[in-house]
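Coordinate inspection notes
Single-letter residue listing:
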Amino acid sequence: MAGGVVISSSGGKVYPGHMTAFVFFSCLVASSGGLIFGYDIGISGGVTSMDSFLSEFFPSVYAQAKANKEKNQYCKFDSQLLTLFTSSLYLAALATSFLAASVTRIFGRKWSMFCGGITFLAGSALNGAATNVMMLILGRILLGIGVGFANQSVPLYLSEMAPANLRGMLNIGFQLMTTIGILSANLINYATVSIEGGWGWRIGLGLAGVPALIITLGALALPDTPNSLIARGYTAEAKKVLVKVRGTSDVHDEYDDMVAASEEAKAIEHPWRNILERKYRPQLTIAVLIPFFQQLTGINVIMFYAPVLFLTIGFGGDASLMSAVITGLVNMFATIISIVSVDRLGRRALFLQGGTQMFVSQIVVGTLIALQFGTTGEGEMSRTYAMLLVLFICLYVAGFAWSWGPLGWLVPSEVFALEIRSAGQSIAVCVNMTLTFIIGQAFLTMLCHLKFGLFYFFAAWMVIMTTFIALFLPETKGVPIDEMNLVWSRHWFWSKYVVQAGGSNRRTHDVSSHH
Ligand code: BGC
């Protein structure tokens, strides 16, 4: 009964779908765009804690880290050039997301993913072969361009392909791949650090070519989404793809709804100007605030700098990389919890629970570090103490992995109307990357100045964002992507901005009157 129409309790139509092999494999391949995103996140923290890498490319940081060994723990890695290596990627990604919006809209989601794959390939080659800082940074910029394309197109692709009742699960495939990418990077760092001759980092940076190849070839093989095909005038092909992904030929109602959404979208000439209109205020708010808050959870402090952070609190080199492997494992497994529960418990429940757990863990981590290092940054940690710290960092990572991590990509990708979807997603990518850049760039300096207070800083943001979710995020589970208008028009606050007339009722009526 995949095509049967049911009226949900909220009054919107749902088209209960099942997991067909076709939708599963299409989404699996597209999700692999997350692999490279994750790999890039995980690899730089590891290589920047390797002596051989530091002494070759950042000799002054290397000298500083060695000289400061017994002194202020909070400040020993503070270097703008070193963080620029990590964060240049995000700068390139945010600039690219706007170009990617046009490619995604005009040529389709598929070709945007392909562009991502190709630039990834070039970037990893350049990085693996780097002989100077310029080559390193240029390579990171190419990788960033790839991320700009992939993070723009993949989440949209997944949300459009999936039947509404499985959309959360399928979309989170992207985040799962991201965490697998991070974990692989952590493992490769661990395995290559002790390679004689100190060129292990080359393997780490060059291996990014593997996931790059997967998404490049994958994108060539994938069909585009029905929504994107319709919007670009390939209606016959769109219907074929829809029949395949839903596994039934009974897709007429859903197809008609997509056509209607596309007709409405065509009437809109300037998606960028349009998204600023009052009636899109709720979507715009979500597109900006969700990625903004996602980064202010502070997660990338752990993801980028876990090894450096663990070195800071007195772990040895190997133990630091090992701890990063542990947080990487927790990150991956906890994402699976999100996959199986997001379409049942809903987005809100995960956000609220995960947010609370992260808040508590941050307070504990900050306090543990304060008790040990105080404000002078001097001291050493006992084994039990360090274990306790790692435990709470893991609880924090787990909370993120089933809430803000996956939902930070899922929610923006599913709330926009078709006419502003591509533009809206670029805004989400752009905000995400800007904040990732700022935090990546500022973290080591912030640690040096705010000391343990840094963790309280992020904890305070957790309170703000959790309150925001409680008050302003309507539940979107199970709502068809082209019926999303309903959730805003029924929300206590957003109904001031969105009137129901633009929703499905009128569209369905229009379409059936054409029959
Ligand atoms: C975030 C990344 C983060 C990763 C960690 C993603 O959702 O966008 O910034 O590093 O999750 O798993």
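Residues numbered from 1 in each chain as written. Predicted model: local features only at pLDDT ≥ 70, side-chain atom pairs only at ≥ 80, totals over all residues. Heavy atoms only, no water.

1. Section: the overall build of the protein chain
How we decide: Secondary structure elements follow DSSP: runs of H or I no shorter than four residues count as helices, runs of E no shorter than two count as strands, and numbering proceeds from the N terminus. Buried, partly exposed and exposed residues are distinguished by accessible area as a fraction of the type maximum, computed with a 1.4 Å probe on protein chains only: under 20%, between the cut-offs, and over 50%, respectively. Any two residues whose heavy atoms approach within 4.5 Å are treated as being in contact. To be clear on the numbers: accessible area is Shrake-Rupley with a 1.4 Å probe, and residue cover counts the displayed protein chains and nothing else.
Scanning the protein chain for helices and strands turns up 24 helices and 2 strands. Out of the 515 residues belonging to the protein chain, those deemed buried represent 62%. By sequence separation, contacts in the protein chain at least 24 residues apart represent 80% of the contacts at least 6 residues apart. For the protein chain, the exposed area adds up to about 18300 Å²; of that, 69% sits on carbon and sulfur atoms.

2. Observations regarding the site of the ligand
Note the cut-off: Residues are labelled near a given molecule or strand when at least one of their non-hydrogen atoms is within 4 Å of it. The term polar contact refers here to a pair of N or O atoms within 3.5 Å; inside protein, the definition further demands a hydrogen-donor-capable atom paired with an acceptor-capable atom, and it admits residues adjacent in sequence only when both atoms are side-chain atoms.
As a matter of local geometry, the ligand sits amid 14 residues, with Gln175, Gln294, Gln295, Asn300 and Asn331 nearest to it. Interatomic distance of 2.5 Å between a side-chain N/O atom of Asn300 and an oxygen atom of the ligand. One of the side-chain nitrogen or oxygen atoms of Asn331 is found 3.0 Å away from an oxygen atom of the ligand. With the chains in place, 99% of the 310 Å² that the ligand exposes on its own is no longer accessible. Ranked by the residues each element gives to the shell around the ligand, the list is headed by helix H8 (residues 167-192), at 3 residues.

3. Let's talk about the packing of aromatic side chains
Defined as follows: Pairing of aromatic side chains requires ring centres within 6.5 Å, counting the rings of Phe and Tyr and the six-membered ring of Trp. Pairs whose planes differ by under 30 degrees are stacked, by over 60 edge-to-face, and all others tilted. The criterion is that NZ of a Lys, or CZ of an Arg, lies within 6 Å of the ring centre and within 35 degrees of the ring normal, and then a charge sits over that ring.
Overall, the coordinates contain 28 aromatic pairs when judged by the stated rule. Both rings, one in Phe24 and one in Phe25, keep their centres 5.3 Å apart while their planes meet at 80°; by these two values the pair is edge-to-face. Its relative accessible area of 37% is what places Phe24 among the partly exposed residues. Look at Phe293 and Trp404: their rings are 6.1 Å apart centre to centre, the planes differ by 85°, and that puts the pair in the edge-to-face class. Here Phe293 is found in helix H15 (residues 281-296), whereas its partner Trp404 is found in helix H20 (residues 404-415), with 111 residues between them in sequence. Across this residue pair, the class does not change: Phe293 and Trp404 are buried. A network of ring pairs unites the aromatic residues Phe292, Phe293, Phe351, Trp404, Trp461, Phe468, Phe472, Trp488, Trp492, Phe493, Trp494 and Tyr497 as a single cluster. Between Arg140 and the ring centre of Phe85, over which it is positioned, the NZ or CZ distance is 5.2 Å. A cation over an aromatic ring shows up here: Lys239 above the ring of Tyr255, its NZ or CZ 4.6 Å from the ring centre.

4. Observations regarding the side chain of Gln362
Within the fold, Gln362 resides in helix H18 (residues 347-373). A relative accessible area of 4% places Gln362 in the buried class. Once residues within four sequence positions are removed from consideration, Gln362 is found in contact with Thr297, Tyr396, Phe455, Phe458, Ala459 and Met462.

5. Some words on the packing of helix H7 (residues 133-161) against H8
So the rule is basically this: Helix axes use the C-alpha atoms of the stretch in contact, all axes being lines fitted to C-alpha atoms, and the angles between their N-to-C directions lie in the range 0 to 180 degrees. In this scheme, roughly parallel covers angles under 35 degrees and roughly antiparallel covers those over 145, while 65 to 115 is roughly perpendicular and the rest are oblique. Take the far helix as the reference: if the near one is turned anticlockwise from it by less than a right angle, the crossing is left-handed, and if turned clockwise, right-handed. Residues were grouped as follows: Ala, Val, Leu, Ile, Met, Phe, Trp, Tyr, Cys and Pro as nonpolar; Asp, Glu, Lys and Arg as charged; and all remaining residues, including Gly, as polar.
At a minimum axis distance of 8 Å, the contact between H7 and H8 shows a crossing angle of 155°. Judged by the inter-axis angle, H7 sits roughly antiparallel to H8. H7 and H8 meet at a crossing whose hand is right-handed. Listed contacts from H8 to Asn151, Val154, Pro155, Leu158 and Ser159 of H7 are Arg167, Leu170, Asn171 and Phe174. Its residues assigned to classes, the contact of H7 with H8 comprises 5 nonpolar, 3 polar and 1 charged.

6. Quick word on the environment of Asn127
One can find Asn127 in helix H6 (residues 109-128). C-alpha separation for the pair Asn127 and Gly206, spaced 79 residues apart in sequence, amounts to 6.2 Å. Aside from chain neighbours lying at most four places away, what touches Asn127 is Met135, Leu136, Gly139, Arg140, Leu143, Trp201 and Leu205.

7. What about the confidence of the model for the protein chain?
Note the following rule: pLDDT measures the predictor's confidence residue by residue and takes values from 0 up to 100.
Predicted confidence across the protein chain gives a mean pLDDT of 85, with 89% of residues reaching 70 or more. Between residues 1-5, whose pLDDT stays under 50, and residues either more than four places distant or in other chains, the model counts 18 contacts. For residues 502-515, every residue scores under 50 in pLDDT, and the model assigns this stretch 20 contacts once sequence neighbours within four places are set aside.

8. Let's talk about the pattern of salt bridges
The cut-off we apply is this: What counts as a salt bridge is simple: a side-chain nitrogen of Lys or Arg found within 4 Å of a carboxyl oxygen of Asp or Glu.
In the structure shown here, the tally under the stated rule is 8 salt bridges. Among the ionic pairs, Glu160 bridges to Arg109, the shortest N-O distance being 2.8 Å. Of this pair, Glu160 sits in helix H7 while Arg109 sits in helix H6; the two residues are 51 residues apart in sequence, bridging distant segments of the chain. One salt-bridge network, held together by shared partners, links Arg109, Glu160, Arg421 and Asp482.

9. Brief notes about the side chain of Thr466
With respect to the helices and strands, Thr466 occurs in helix H22 (residues 453-472). Apart from the residues lying within four places of it in its own chain, the contact partners of Thr466 are Leu352 and Gly355.

10. A few points about a nonpolar patch on the surface
As a reminder, the rule being used: Nonpolar side chains (Val, Leu, Ile, Met, Phe, Trp, Tyr) within 5 Å and like charges within 9 Å form the patches, drawn only from residues with over 30% relative accessible area and no salt bridge.
Nonpolar side chains collect at one region of the surface, where Ile106, Phe107, Trp111, Leu213, Leu217 and Leu220 lie side by side and expose about 600 Å² of accessible area between them. Counting residues per element, the nonpolar patch draws most heavily on helix H10 (residues 209-221), at 3 residues. Assignment of secondary structure puts Trp111 in helix H6.

11. What to know about the nonpolar core
What counts is decided by this rule: Residue types Ala, Val, Leu, Ile, Met, Phe, Trp, Tyr and Cys, when buried and joined through side-chain atoms within 4.5 Å, form a set referred to as a nonpolar core.
Core analysis: the biggest nonpolar cluster contains 140 residues, and Phe53, Phe58, Trp404 and Met433 have the highest contact counts within it. Ignoring sequence-local partners within four residues, the contact set of Met433 consists of Phe37, Tyr90, Ala93, Leu94, Val147, Asn151 and Trp409.

12. Here we look at helix H19 (residues 383-402)
Owing to its 3.6 residues per turn, the α-helix brings residues three or four apart onto one side. Basically, it comes down to this: One less than the number of residues in a helix, times 1.5 Å, gives the span that helix is expected to have.
With 20 residues, H19 should reach 28 Å at 1.5 Å per residue; the first-to-last C-alpha distance of 29 Å fits that figure. Within H19, 14 of the 20 residues are buried, which leaves it mostly tucked inside the rest of the structure.

13. Side note on the packing of helix H2 (residues 33-47) against H7
Where H2 contacts H7, the axes come no closer than 9 Å and their chain directions differ by 140°. Our classification of the angle between H2 and H7 gives oblique. Remark: the crossing between H2 and H7 carries left-handed chirality. Within the contact between the two elements, H2 uses Gly33, Phe37, Asp40, Ile43 and Ser44 and H7 uses Arg140, Leu143, Val147, Ala150, Asn151 and Val154.

14. Thoughts on the environment of Leu447
Along the polypeptide, Leu447 turns up in helix H21 (residues 418-450). A relative accessible area of 5% means that Leu447 is categorised as buried. Each C-alpha atom, one on Leu447 and one on Cys75, is 7.0 Å from the other, the two residues being 372 residues apart in sequence.

15. Some thoughts on the environment of Pro223
By secondary structure assignment, the location of Pro223 is in the loop between H10 and helix H11 (226-231). Residue Pro223 is classed as buried on the basis of its relative accessible area of 19%. With 18 residues separating them in the primary sequence, Pro223 and Val241 have C-alpha atoms 7.3 Å apart. When residues no more than four places from it in sequence are discounted, the contact partners of Pro223 are Phe22, Ser26, Tyr157, Met161 and Val241.

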